[in-house]
Amino acid sequence: MAEIDLEAVTKVYEDGTEAVSDLNLKLEDGSVLVLVGPSGCGKSTALKMIAGLEEITSGTIRIGDRVVNDVEPGERDVAMVFQNYALYPHMSVHDNMAFALKLRKVDRDERDRRVREVASSLSIAELLKKKPRHLSGGQRQRVAMGRAIIRRPQAFLMDEPLSNLDAKLRLQTRSQIARLQRELGVTMLYVTHDQTEALTLGDQVAVMSRGVVRQIDPPERLYGRPEDLFVASFIGSPPMNLVGARVSREGGSLQLSFAGFTVPIDPELAAGQPALARYVDRELVLGVRPEDLGEANGDARRTRIPAVVELRESLGSEIYVHFDVEAPPVVTSQTREVAADLSDEAVEELERQAASRTTTFVARLDARSAAREGDRIELAIDPRGLHFFDPDSGRRIES
Ligand code: ADP
């Protein structure tokens, strides 16, 4: 296995589309890097440039210690797995898997041995005689992975490999990919549109938008400290609640006003974020994740807001409570881009809420909560869960 290194890689297609701009990535040997972002953000282009299926316009790509800018795809020693598995339909599973070894003139016994070994690690040993058309989607996906693994390439490049599978199978196959990757210690670049896949699989996750990496970090950090409004609203389901707010100074401490509420800012939090002081009497964007809004239940914490339950969604293990706050939603090019990636309806909803100057918040509550639709409840904001962003640049406000 080898590391992969991209330095200032740019791709401009013939029609002038700049699909990837100045991309810098370092994929450590044996680790998983996930590229995630809205459709059209340049993920597949980045992957294809590494595979050699698209030429780069400028920059340097290294695999191991070799610059591969001008190396043919077949000579790069990387294996790709796509969403459409591209198995040879007339060949059995065995022959599909053995094909690359046959081309390399590996002898028959060794080929059979390796096919059996890989098939057993993927639990497809009993399918070796079958043709692809007689397999389920999940089985075909495993064969496609087997065909890649058997070559023992320097790295795996996966382009949305699970997107054709139904939800349950996707979950199962995702865990299997994670397990295999750990077992084999392979270097893997994984492209997906699905943030859950990104967070669960990646050692590092790079969030892309319009050809640019906006943040690259381990999943916990990406989720816990999004660097800008784009990442904050793209990563997280349900997404982070965002609203315009104002910081003011009251006596010696800072307080936050939003949507008609005024709440004190925990002094410890304020001390940890000196940059907040620069925003006194100015607008900023407040972000709170749904799980950082809990039922107050007499909680002595002072950061409390009242809410009327508009919608209660039960997920069995927890419930989502939707409520409206009287403030316009945060509409910037970044939040608009995330909405546009979701659906046309999401953009319309954003505009509707902007016109009516109300924003729907979601709180993630314990399944045992007695909150019902129409109820008035009191929610407490966990002070550790407050995120602040600059409304103009969209950047996180941090010390
Ligand atoms: P993603 O994988 O994130 O959905 P892509 O890498 O496929 O995004 O595409 C990035 C951008 O490049 C998009 O705007 C897309 O329309 C454009 N693009 C992709 N392939 C080509 C091509 N062959 N010629 C011109 N533009 C392309």
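All values reported here derive from a predicted model rather than from experimental measurement.

**Some remarks on helix α11 (residues 344–356)**
So, point 1. Over its 13 residues, α11 runs 18 Å from end to end, which matches the ideal 18 Å to within 8%, given 1.5 Å per residue.
So, point 2. Residues of α11 that are buried in the fold lie against α10 (333–342) and β19 (359–366).
So, point 3. Looking one or two residues beyond α11, the residue adopting positive phi is R357, at roughly 55°.

**Describing the environment of N297**
So, point 1. Relative to the assigned elements, N297 resides in the loop between β15 (293–295) and β16 (304–308).
So, point 2. Taking relative accessible area as the criterion, N297 reaches 67% and is therefore assigned exposed.
So, point 3. Separated by 82 residues in sequence, N297 and L379 place their C-alpha atoms 8.2 Å apart.

**Some words on the pattern of salt bridges**
So, point 1. Scanning the entire structure with this criterion turns up 25 salt bridges.
So, point 2. K11 is paired through a salt bridge with E54; the nearest N and O atoms lie 3.4 Å apart. Within this pair, whereas K11 is found in strand β1 (residues 4–12), its partner E54 is found in the loop between α1 (43–51) and β4 (58–63), the two being separated by 43 residues in sequence.
So, point 3. Across the pair D382 and R384 runs a salt bridge, and its minimum N-O distance is 2.6 Å.
So, point 4. The class of D382 is buried, set by a relative accessible area of 13%.
So, point 5. Taking relative accessible area as the criterion, R384 reaches 70% and is therefore assigned exposed.
So, point 6. The network of salt bridges with common partners includes E3, D5, E7, K26 and R62.

**Here's the deal with the nonpolar core**
So, point 1. Ranked by internal contacts, the top residues of the largest apolar core, which has 44 residues, are M97, F156, Y190 and V207.
So, point 2. At five residues, helix α4 (residues 137–149) tops the list of elements feeding residues into this core.
So, point 3. Ignoring sequence-local partners within four residues, the contact set of Y190 consists of V32, L33, V34, L35, M158, P161, L162, I177, E197 and L201.
So, point 4. With 38 residues, the next largest nonpolar core counts L276, L284, V325 and F361 among its residues.

**Examining the site of the ligand**
So, point 1. Looking at the ligand, the residues that line it are Y13, D15, T17, A19, P38, S39, G40, C41, G42, K43, S44 and T45.
So, point 2. Between an oxygen atom of the ligand and a side-chain N or O atom of S44, the distance comes to 2.7 Å.
So, point 3. Side-chain polar atom of T45 to an oxygen atom of the ligand: 2.5 Å apart, as the coordinates give it.
So, point 4. When residues of the shell around the ligand are assigned to their parent elements, the largest contribution, three residues, is made by α1.
So, point 5. Residues that form the shell around the ligand fall into these classes: four nonpolar, six polar and two charged.

**Focus on empty space enclosed by the protein**
So, point 1. In total, this model carries one cavity of 30 Å³ or more according to the counting rule given.
So, point 2. Every residue lining the largest cavity is listed: V81, M145, A148, I149, F156, M158, I177, L180, Q181, L184, V186 and M188.
So, point 3. Every element with two or more residues in the lining of the largest cavity is listed here: α4, β7 (155–159) and α5 (167–184).
So, point 4. Among the elements that make up the lining of the largest cavity, the one with the highest residue count is α5 (four residues).

**A word on the environment of L33**
So, point 1. Its location among the elements puts L33 in strand β3 (residues 32–36).
So, point 2. The contacts of L33, once residues within four sequence positions are left out, are L25, L27, M188, L189, Y190, Q204, V205, A206 and I216.

**Here we look at unusual backbone geometry**
So, point 1. Between S237 and the following residue, P238, the backbone shows a cis peptide bond with an omega angle of -5°.
So, point 2. Within the secondary structure, P238 is located in the loop between α8 (229–234) and β11 (241–250).
So, point 3. We note that E160 has phi near 40°; this positive angle belongs to a residue other than glycine.
So, point 4. Note on placement: E160 falls in the loop between β7 and α5.

**What to know about the sheet that holds strand β20 (residues 376–381)**
So, point 1. One open sheet holds the three strands; their spatial order is β15-β20-β16, and the pairing between them is antiparallel. Sheet topology places β15 and β16 at the edges, where each strand pairs with a single neighbour. Adjacent strand axes in the sheet meet at a mean angle of 40° when their direction is disregarded.
So, point 2. Bridging between β15 and β20 involves three bridges; their strand directions are antiparallel. The partner of E295 across the bridge, within β20, is L379.

**Some thoughts on the packing of aromatic side chains**
So, point 1. One pass over the full model with this rule turns up four aromatic pairs.
So, point 2. Between F230 and F234, the aromatic rings sit 5.8 Å apart at their centres with planes inclined by 5°, giving stacked as the arrangement. Of this pair, F230 and F234 both sit in helix α8, four residues apart, which is roughly one turn of the helix.
So, point 3. Residue F230 is classed as buried on the basis of its relative accessible area of 0%.
So, point 4. Among the residues examined, F234 registers a relative accessible area of 8% and is labelled buried.
So, point 5. Over the face of the ring belonging to Y279 we find R282, whose NZ or CZ atom lies 4.3 Å from the ring centre.
So, point 6. Sitting over the face of the ring of Y223, R289 holds its NZ or CZ atom 3.8 Å from the ring centroid.

**Describing the confidence of the model for the protein chain**
So, point 1. Of all residues in the protein chain, 98% attain a pLDDT of 70 or more, and the chain-wide mean is 91.
So, point 2. Within the protein chain, helix α9 (residues 267–272) has the poorest average pLDDT of any element, 83, and β1 the best, 97.

What counts and what doesn't
Residues numbered from 1 in each chain as written. Predicted model: local features only at pLDDT ≥ 70, side-chain atom pairs only at ≥ 80, totals over all residues. Heavy atoms only, no water. Helix = DSSP H or I, 4+ residues; strand = E, 2+ residues; numbered from the N terminus. Expected span 1.5 Å × (residues − 1). Contact = heavy atoms within 4.5 Å. Buried < 20%, exposed > 50% of the residue type's maximum accessible area, 1.4 Å probe, protein only. Salt bridge = Lys/Arg side-chain N within 4 Å of Asp/Glu carboxyl O. Core = buried A, V, L, I, M, F, W, Y, C linked by side-chain atoms within 4.5 Å. Near = heavy atom within 4 Å. Polar contact = N/O pair within 3.5 Å; in protein donor to acceptor, adjacent residues only side chain to side chain. Nonpolar A, V, L, I, M, F, W, Y, C, P; charged D, E, K, R; others polar. 1 Å grid on protein atoms, 1.4 Å probe; cavity = no way out; pocket = protein on both sides within 12 Å on 5 of 7 lines; lining within 4 Å. Points joined across faces, edges and corners; volume = space filled by probe spheres on them. Pairing = 2+ DSSP bridges. Axes fitted to C-alpha atoms, helices over the stretch in contact; angles between N-to-C directions. Phe/Tyr/Trp six-rings, centres within 6.5 Å; stacked < 30°, edge-to-face > 60°. Lys NZ or Arg CZ within 6 Å of the ring centre and 35° of its normal. pLDDT = per-residue confidence, 0-100.

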